Amino acid sequence: MNTKTNSASGTSLWSVNNLTMMAMMVALISASSYITIPLPFSSAAITAQTLVVNFIGLLLAPQETFVVMLTWILVGFVGLPVFSGGTGGPAKLFGPSGGYIFGFLIVSVLISLFCRKVKDIRLQTAFLIIIGIPVIYLLGSVQMKLVTGQPWAAILVQSVLPFIPLDIVKCIAAAALAKAMRRTGLFLS
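The rules behind each value
- The written sequence of each chain sets the order in which its residues are numbered from 1.
- Given that this is a predicted model, residues contribute local features only at a pLDDT of at least 70 and side-chain atom pairs are listed and counted only at 80 or more, while totals for whole chains, interfaces and linings are drawn from all residues.
- Heavy atoms throughout the structure, all of them, feed into the side-chain values; hydrogens and water do not.
- Among buried residues, the Ala, Val, Leu, Ile, Met, Phe, Trp, Tyr and Cys ones that are joined through side-chain atoms within 4.5 Å form a nonpolar core.
- Burial here depends on accessible area, computed with a 1.4 Å probe over protein chains only, as a share of the maximum for the residue type. Under 20% is buried, over 50% is exposed, and the range in between is partly exposed.
- Helix and strand assignments follow DSSP, with helices taken as H or I runs no shorter than four residues and strands as E runs no shorter than two, numbered in order from the N terminus.
- A contact between two residues is defined here by any heavy atoms of the two lying within 4.5 Å.
- To be clear, the arc concerns the directions from the helix axis to the C-beta atoms.
- Aromatic rings from Phe, Tyr and Trp, taking only the six-membered ring of Trp, are treated as a pair when their centres fall within 6.5 Å; an angle between ring planes under 30 degrees marks them as stacked, one over 60 as edge-to-face, and anything in between as tilted.
- Here, axes are lines fitted to C-alpha atoms. For helices the fit covers the stretch in contact, and angles between N-to-C directions go from 0 to 180 degrees.
- In these notes the angle categories are as follows: under 35 degrees is roughly parallel, over 145 is roughly antiparallel, 65 to 115 is roughly perpendicular, and the rest is oblique.
- Less than a right angle of anticlockwise turn of the near helix away from the far helix marks a crossing as left-handed, whereas a clockwise turn marks it as right-handed.
- Throughout, the ten residues Ala, Val, Leu, Ile, Met, Phe, Trp, Tyr, Cys and Pro are labelled nonpolar, Asp, Glu, Lys and Arg are labelled charged, and all others, Gly among them, are labelled polar.
- A 3.5 Å cut-off defines polar contacts: any pair of N or O atoms within that distance qualifies, except that in protein one atom must be a possible hydrogen donor and the other a possible acceptor, and neighbouring residues in sequence count only when both atoms are side-chain atoms.
- Two distance rules govern patches: like charges are joined within 9 Å, and nonpolar side chains (Val, Leu, Ile, Met, Phe, Trp, Tyr) within 5 Å, applied only to residues with over 30% relative accessible area and no salt bridge.
- Residue burial considers only the protein chains on display, and all accessible areas are found by Shrake-Rupley using a 1.4 Å probe.
- By definition, a salt bridge exists where a carboxyl oxygen of Asp or Glu is found within 4 Å of a side-chain nitrogen of Lys or Arg.

1. Looking at the nonpolar core
Right, so step 1: With 41 residues, the main nonpolar core has Ile 56, Leu 58, Val 68, Met 69 and Trp 72 as its most contacted residues.
Right, so step 2: Taken together, the elements giving at least two residues each to this core come down to helix H1 (16-32), helix H2 (49-59), helix H3 (62-77), helix H5 (98-117), helix H6 (121-148) and helix H8 (164-182).
Right, so step 3: Here this core takes seven residues from H5, the largest share from any one element.
Right, so step 4: Leave out the neighbours within four places in its chain, and Met 69 touches Ile 29, Val 53, Ile 56, Phe 104, Leu 105 and Ser 108.

Right, dumping it as structure tokens:
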């Protein structure tokens, strides 16, 4: 998706198509928050969010990705139920699992930046797994540690280890879906 530049003012304008796609991505990340598998030993749950975060980063330009993710975070911050399990509000954002949300913002933009430079889907998928997942885990773990005060070993068991296998699968699925969507011509390839 390209942006148009208004040469008279030097500002960047998004087309109706861009804005529609961005709104759909906000809706998609919000809907993915409802697909959850709670873990009895963790305040974090398995969700479809990781798949969608990767998907957004793979398809949208960096500035569009940033706006989509920031909009989603702000909508959740004001209390609309768009975070995991249909929750919202500052308590969720700054609670034990809120670091994942901040990780999603950062990682989606990093993915988008990488994918604008590297077009090989295999390298993009490797980036999702080798860089994306660890950054999300790092931010999620640090916030969980700061909020709960639990030892690092407990944090790893609660917020990292149970998620690794399925997150790898979600990265591969996101790359495959993005590859198919790029063929439509609506997104940058």
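2. Some details on helix H7 (residues 152-159)
Right, so step 1: Among the residues of H7, Ile 155, Gln 158 and Ser 159 are the ones counted as buried. The arc that holds every buried residue of H7, seen down its axis, measures 75 degrees, which confines them to one face.
Right, so step 2: Lining the buried residues of H7 we find H5 and H6.

3. Quick notes on the packing of aromatic side chains
Right, so step 1: Applying the stated rule across the entire model yields six aromatic pairs.
Right, so step 2: Here Tyr 100 and Phe 163 contribute two aromatic rings whose centre-to-centre distance is 6.2 Å and whose plane-to-plane angle is 50 degrees, an arrangement assigned as tilted. In this pair, Tyr 100 is assigned in helix H5 and Phe 163 in the loop between H7 and H8, connecting sequence segments 63 residues apart.
Right, so step 3: Here the aromatic residues Trp 72, Phe 83 and Phe 104 are joined through ring pairs into a cluster of three or more.

4. With respect to the packing of H1 against H3
Right, so step 1: Look at H1 against H3: their axes get within 9 Å of each other, and the N-to-C directions meet at 45 degrees. When the axis of H1 is compared with that of H3, the two are oblique. Every pair of crossing elements has a handedness; the one defined by H1 and H3 is right-handed. Between H1 and H3, the residues in contact are Asn 18, Met 22, Met 25, Val 26, Ile 29 and Ser 30 and Glu 64, Val 67, Val 68, Met 69, Thr 71 and Trp 72, respectively.
Right, so step 2: Across the contact of H1 with H3, the residue classes tally to eight nonpolar, three polar and one charged.

5. Structural notes on the side chain of Ser 15
Right, so step 1: Position of Ser 15 relative to the elements: it lies in the loop between strand E2 (11-13) and H1.
Right, so step 2: Polar contacts involving the side chain of Ser 15 include one to the side chain of Asn 18, which spans 2.3 Å.

6. Here we look at a nonpolar patch on the surface
Right, so step 1: Taken together, the side chains of Phe 41, Leu 156, Val 157, Leu 161 and Ile 164 present a nonpolar region at the surface, about 420 Å² in accessible area.
Right, so step 2: Val 157 gets classed as partly exposed once you look at its relative accessible area, which sits at 44%.

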